[in-house]
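What follows is each chain in one-letter form.
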Amino acid sequence: MKKYFLILCLLVSAKCFSQLNIVPMPADLKMGKGSFTINKNTKIIASGLPEKFGTLLHDFIFNNYALKLEKITYSKKNIINSIRFVHDGKMYGAGIGSYAIKIADNGILIGAGTPQGFFYGLQTLFQFMPESKNNLTISQLYISDYPRFKYRGMHLDVARHFYPVAFIKKYIDYLAAYKFNTFHWHLTDDQGWRIEIKKYPLLTQVGGFRNGTITGRYPGKSNDSIRYGGFYTQQQIKEVVQYAAERYIDVIPEIEMPGHASAAIAAYPQLSCFPEEDTKVLPGTPWAGSRKGKQVQQTWGVFEDVFAPTDYTFNFLENVLDEVMPLFPSKYIHIGGDECPKESWKRSPFCQQLIAANNLKDEHGLQSYFIQRIEKYINSKSKKIIGWDEILEGGLAPNAAVMSWRGEEGGIEAAKQNHDVVMTPGSHCYLDHSQSKNEDSVTIGGYLPLEKVYSYEPVPAVLNAEQAKYILGAQGNLWTEYIKNNSKVEYMIFPRMMALSEVLWSPKEKRNWNDFEKRLPGIFERLDREKTNYSKAYYDLQATVIPGANYDGVFWKLESKNTKDKIVYLLGDEDSRLNIYSEPIRLLLTNYECTAWIQSSDSKKIGNQLKQKFSFNKATGKKITIANDPSVSYPGDGVFTLVNGVQNEKGLSKGNEFLGFLGKDLDATIDLGAVMDIKKVTLHTLEQNGSWIYLPSKVEVTYMYSIDTGKNALLGPPDKMLSVDIAQGKNISKIEIPGQQRCRYIRVMAKNFGIIPSGNPGAGNAAWLFADEIEVE
């Protein structure tokens, strides 16, 4: 039973009577008035199915409290001072995972109808156990509990960065502790192939290693030139799968196809449409080693080289799957299917002939052909495929399940077609996104705070009751481009994974952010005792720039969940007078850098110091409206982001400072408050094509005396519009429109680039348009 020791140690709770710190919150919990104390005379009674769970409890108490309890495998009578396991589905719930716990003054009863129920019941009980080693007293209560969703998943990408087996097991322990039941193991990608395939040894010998890795944010400041990689043997895979099964966790492997295939193609170039061509390295990518032949990618993003839909490729993939599928009892095999560029297929005479021969509409139809052919083979082995929502393109394979990551639209469409769906939208479920506006390490960007994860509702309101049945649940995803070590994995998932566990387990009507928030101090204490790294962003100092009541200036609003310590700030340089914060700070319309931090009673800084530069102009703090709402993934601080005096200097690492428009134009109108002379308008934007972010194709600025065309219109010259066409690839962040004008209103229209062209990452998809400030001089 030593193999269970780690997970049990992870679950030691805070203090006696800290029941409300449990995560996820049970479906029904009623508190009693007394308590029960476990002592040396307490008996553990468990026979038949529950016997092994009695042993788990016995070992846990012995290992953590040095108390060895007697185990009894059978008893007709109800023994006083006992912990009794009862297998009774009719009384305690026959559903998978259902359980009940009753703590009375004479003992504890754990009842369930399935092994999962007993296991989850123990996880709950362990969270109730007191911190004190000398007093095992637990409050009386009654719990009746069951999971809301049948699929409760967490994902880990080991292709971008590799983690040893010991940590994979620890990751699984974390999942089990919070009642997740699915581990999605992302094993292959452009930057590494991580699973041993005996028929194709080059997959790991060549595809499992890259000659270097970029440093800094994509596309990279430099390259470390260090050979990097690793892989799991099939024996290690079996070991991990068995370890997960003992914790009632299903492991779903992901073998990427037809895109994200650079590592496999580096090992076996004939899988490519153009085996003789060198691997295409994106412009500006720092590269280590040879550029000749097929190479494992050293940077992140989406790459043009994809699997050719030839008989050789299908035979190769079938042989790979023949070795993969027996290792994983899961009914699902994840085949990826996302971000597959079509440029190689468009250039390939073979692919074009295949499209014509099979009466396919286009390359999207060819992707559907590819996926359906793989699905047919996997189905023949009594398995099902699951893939990212791009597998909808060109027609969904007959028995496929969909993971909806590009928002919820793909999941909604699949559910309406009666296909199973796992919701995992980037807006709420991508745990690689920044969880702090003051993030002190590089992340992929975006901003996903704890509160937003907790707010997620996996069943879209647009689905009717019948369609909603196809929503199996949801999943948190952890992509590891910028996560190099075990400690940062923990930092990125905790405590957000705990919030997601409650979304997936607890009844919808039981979820309450205010209640979860009250449990957080105890939750953080538990993580501290376990020596688990986690983000303290919940207590971060949060800064927001807000307009004055009459749009006559800006205020700096500072907030923190830390209520026992004070917020202090400096306006200007470090030699300025230190101020204690009490209300939003009115900022003078001058350029300076402000600094703020939380300070303890003994004048020590707590947490990260916050620094903010302000650059003011005639538009700063003024009233602004927009015609098109930004994406929910990049809302900034609302439309005021465009005139708040904060200019983004760090790109996507401060993605929360942008308004992001996916396939839409920016159409903003600023009211300057009075007629004034204008010399220039500057739009601050971002170009990062590898992340699908493009400069606008055109910027138009219209100068107006009035936006009222009626009798109250101000007298003045007619509206005047100036425009400039924008050339892509210029690596500019400011688009200037000069011109002497006199007006009160300024309308800025930035035309979205449109559809990403062939040969570029995200080809065929709508481009992003990012903007963070409009300056008026």
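Scoring rules and cut-offs
Residues numbered from 1 in each chain as written. Predicted model: local features only at pLDDT ≥ 70, side-chain atom pairs only at ≥ 80, totals over all residues. Heavy atoms only, no water. Helix = DSSP H or I, 4+ residues; strand = E, 2+ residues; numbered from the N terminus. Buried < 20%, exposed > 50% of the residue type's maximum accessible area, 1.4 Å probe, protein only. Contact = heavy atoms within 4.5 Å. Areas by Shrake-Rupley, 256 points an atom, 1.4 Å probe, with all protein chains shown as cover. Lys, Arg positive; Asp, Glu negative; His and termini not counted. Charge placed at Lys NZ, Arg CZ, Asp CG, Glu CD. Core = buried A, V, L, I, M, F, W, Y, C linked by side-chain atoms within 4.5 Å. Phe/Tyr/Trp six-rings, centres within 6.5 Å; stacked < 30°, edge-to-face > 60°. Lys NZ or Arg CZ within 6 Å of the ring centre and 35° of its normal. Pairing = 2+ DSSP bridges. Axes fitted to C-alpha atoms, helices over the stretch in contact; angles between N-to-C directions. Parallel < 35°, antiparallel > 145°, perpendicular 65-115°, else oblique. Salt bridge = Lys/Arg side-chain N within 4 Å of Asp/Glu carboxyl O. Left-handed = near helix turned anticlockwise from the far one by under 90°. Expected span 1.5 Å × (residues − 1).

Peer 1: What exactly am I supposed to notice about the overall build of the protein here?
Peer 2: Helix and strand counts for the protein stand at 19 helices and 35 strands. Dimensions of the protein, computed from C-alpha atoms along their principal axes, come out at roughly 95 × 70 × 50 Å. A burial count over the protein gives 60% of its 777 residues as buried. For the protein, contacts bridging at least 24 residues in sequence account for 73% of all contacts bridging at least 6. Of the roughly 30,800 Å² of accessible surface on the protein, a fraction of 50% belongs to carbon and sulfur atoms. Of the side chains in the protein, 90 bear a positive and 84 a negative charge, and the two mean positions are spaced by 6 Å.

Peer 1: Can you help me understand the environment of L571 in this one?
Peer 2: Along the chain, the position of L571 falls in strand β24 (residues 566-571). The exposure class of L571 is partly exposed, given its relative accessible area of 27%. In this structure the C-alpha to C-alpha distance between L571 and Y592, which are 21 residues apart in sequence, comes to 7.6 Å. Excluding residues that lie within four positions of it along the chain, L571 makes contacts with S576, I585, L587, E593 and C594.

Peer 1: Can you help me understand the nonpolar core in this one?
Peer 2: Nonpolar side chains in soluble globular proteins tend to be buried together. Counting 150 residues, the largest nonpolar core has I38 and W185 as its most contacted members. Here this core gets nine residues from one element, more than from any other, and that element is helix α5 (residues 165-177). For I38, the residues in contact, after removing those within four places along its chain, are I61, L67, L69, I83, I108, M129, L136 and I138. Counting residues in each nonpolar core, the second largest holds 48 residues, with W556, I624, I735 and I737 among its members.

Peer 1: When you look at the side chain of N64 in this model, what are you seeing that I'm missing?
Peer 2: By secondary structure assignment, the location of N64 is in helix α2 (residues 51-65). We classify N64 as buried; its relative accessible area is 10%.

Peer 1: Looking at this model, I keep getting lost on the packing of aromatic side chains. Mind explaining?
Peer 2: Centre distance and the angle of the planes are the two values used to describe a pair of aromatic rings. For the structure on display, the rule yields 39 aromatic pairs. Considering the side-chain rings of F167 and Y171, the 6.4 Å spacing of their centres and the 50° angle between planes classify their relative orientation as tilted. With F167 and Y171 both in helix α5 and four residues apart, this pair spans about one turn of that helix. With respect to burial, F167 and Y171 carry one shared label: buried. Taken together, F53, F85, F118, F119, Y120, Y248 and W505 form an aromatic cluster joined through their ring pairs. The ring of Y482 is capped by R217, whose NZ or CZ atom sits 5.4 Å from the centre of that ring. Taking NZ or CZ as reference, R247 lies 3.6 Å from the ring centre of Y243, over its face.

Peer 1: Even after reading the chapter, I still don't get the environment of V320, so can you show me in this structure?
Peer 2: In this fold, V320 is placed in helix α9 (residues 311-324). Each C-alpha atom, one on V320 and one on E196, is 9.5 Å from the other, the two residues being 124 residues apart in sequence. Apart from the residues within four sequence positions on either side, V320 is in contact with W193, I197, Y200 and L203.

Peer 1: For this particular structure, what's the right way to read the sheet that holds strand β4 (residues 82-87)?
Peer 2: Either a parallel or an antiparallel arrangement is found when strands of a sheet pair, and the pairing is made through backbone hydrogen bonds. Reading across from one edge, β1-β7-β5-β6-β4-β2-β3 is the order of the seven strands in this open sheet, with mixed pairing throughout. Pairing within the sheet leaves two strands with one partner each, and these edge strands are β1 (28-37) and β3 (70-72). Here the strands of the sheet are splayed against their neighbours by 20° on average, with no regard to which way each runs. Alignment of strand β5 (residues 99-104) against strand β6 (residues 107-112), held across six bridges, turns out to be antiparallel. Within β6, the position partnered with A104 by the bridge is G107. Along the sheet, α2 makes contact with β2 (43-45), β3 and β4, crossing β4 at roughly 155°. Along the sheet, helix α4 (residues 115-128) makes contact with β1, β4, β5, β6 and β7 (137-145), crossing β5 at roughly 40°.

Peer 1: Any chance you could explain the packing of helix α11 (residues 349-357) against helix α12 (residues 363-380) here in plain terms?
Peer 2: Each pair of packed helices can be described by the angle between their axes along with the distance between the axes. Viewed as axis vectors pointing N to C, α11 and α12 meet at an angle of 80°, and their least axial separation amounts to 10 Å. Between α11 and α12, the interaxial angle falls into the category roughly perpendicular. Counting all contacts with α11, which are made through C351, Q352, L354 and I355, the residues of α12 involved are E363, L366 and Y369.

Peer 1: Quick question: what am I supposed to make of the pairing of strand β23 (residues 554-559) here?
Peer 2: For strand β22 (residues 542-547) and β23, the ladder comprises six bridges, and the chain directions are antiparallel. Of the residues in β23, the one forming a bridge with Q542 is E559. Here β22 folds back onto β23, and the loop between the two strands holds six residues, one of which, Y551, carries a positive phi near 55°. With three bridges connecting them, β23 and strand β26 (residues 585-587) associate as antiparallel partners. What sits directly across from V554, in β26, is L587.

Peer 1: So what exactly am I meant to see when it comes to the pairing of strand β34 (residues 734-751) here?
Peer 2: Regular strands have side chains that alternate between both faces of the sheet. Here 14 bridges tie strand β31 (residues 666-685) to β34, and the two strands are oriented antiparallel to one another. Across the sheet, the residue bridging to D667 is M749, located in β34. In this structure, strand β32 (residues 698-704) lies alongside β34, joined through seven bridges in antiparallel fashion. By the bridge assignment for β34, V699 is matched with A750.

Peer 1: Explain the side chain of T702 here, please?
Peer 2: The residue T702 is located in strand β32 in this model. If sequence neighbours within four positions are ignored, T702 has contacts with D719, K720, M721, Y745, I746 and R747.

Peer 1: Looking at this structure, how should I read the pattern of salt bridges?
Peer 2: Note on pairing: side chains with opposite charge can pair once their charged atoms come close. Summed over all chains, the structure comprises 36 salt bridges. Salt-bridge contacts for D305 lead to K294; the nearest nitrogen and oxygen are separated by 2.7 Å. Of this pair, D305 sits in the loop between α8 (262-267) and α9 while K294 sits in the loop between α8 and α9, and the two are 11 residues apart along the sequence. The pair D305 / K294 is uniform in exposure class, with both members buried.

Peer 1: Explain the packing of α2 against α4 to me, please; I cannot follow it from the model alone.
Peer 2: Two elements in contact, α2 and α4, have axes whose closest approach is 10 Å; the angle formed by their N-to-C orientations is 20°. Classified by the angle between their axes, α2 and α4 sit roughly parallel to one another. Here the hand of the crossing between α2 and α4 comes out right-handed. Of the residues in α4, those in contact with F53, L56, L57 and F60 of α2 are P115, F118, F119, L122, L125 and F126.

Peer 1: It is not clear to me how α4 should be interpreted in this structure. Could you clarify?
Peer 2: Side chains that are three or four residues apart share a direction in an α-helix, a result of its 3.6 residues per turn. Along its 14 residues, α4 runs 20 Å from first to last C-alpha, staying within 8% of the 20 Å computed at 1.5 Å per residue. Among the 14 residues of α4, 12 are classified as buried, and the element is accordingly described as predominantly covered. Every buried residue of α4 is listed here: G117, F118, F119, Y120, G121, L122, Q123, T124, L125, F126, Q127 and F128.

Peer 1: Any chance you could explain unusual backbone geometry here in plain terms?
Peer 2: Excluding glycine, residues mostly have negative phi values, and the peptide bonds linking residues are mostly trans. Cis rather than trans, the peptide bond between V23 and P24 has omega equal to -5°. Tracing the backbone shows P24 in the loop between α1 (5-10) and β1. At the junction of Y218 and P219, the peptide bond is cis and its omega measures out at 5° in the coordinates. Phi is positive for W692, which is not a glycine, with a value near 70°. Mapped onto the secondary structure, W692 falls in the loop between β31 and β32. Residue classification places W692 among the buried positions, given a relative accessible area of 11%.

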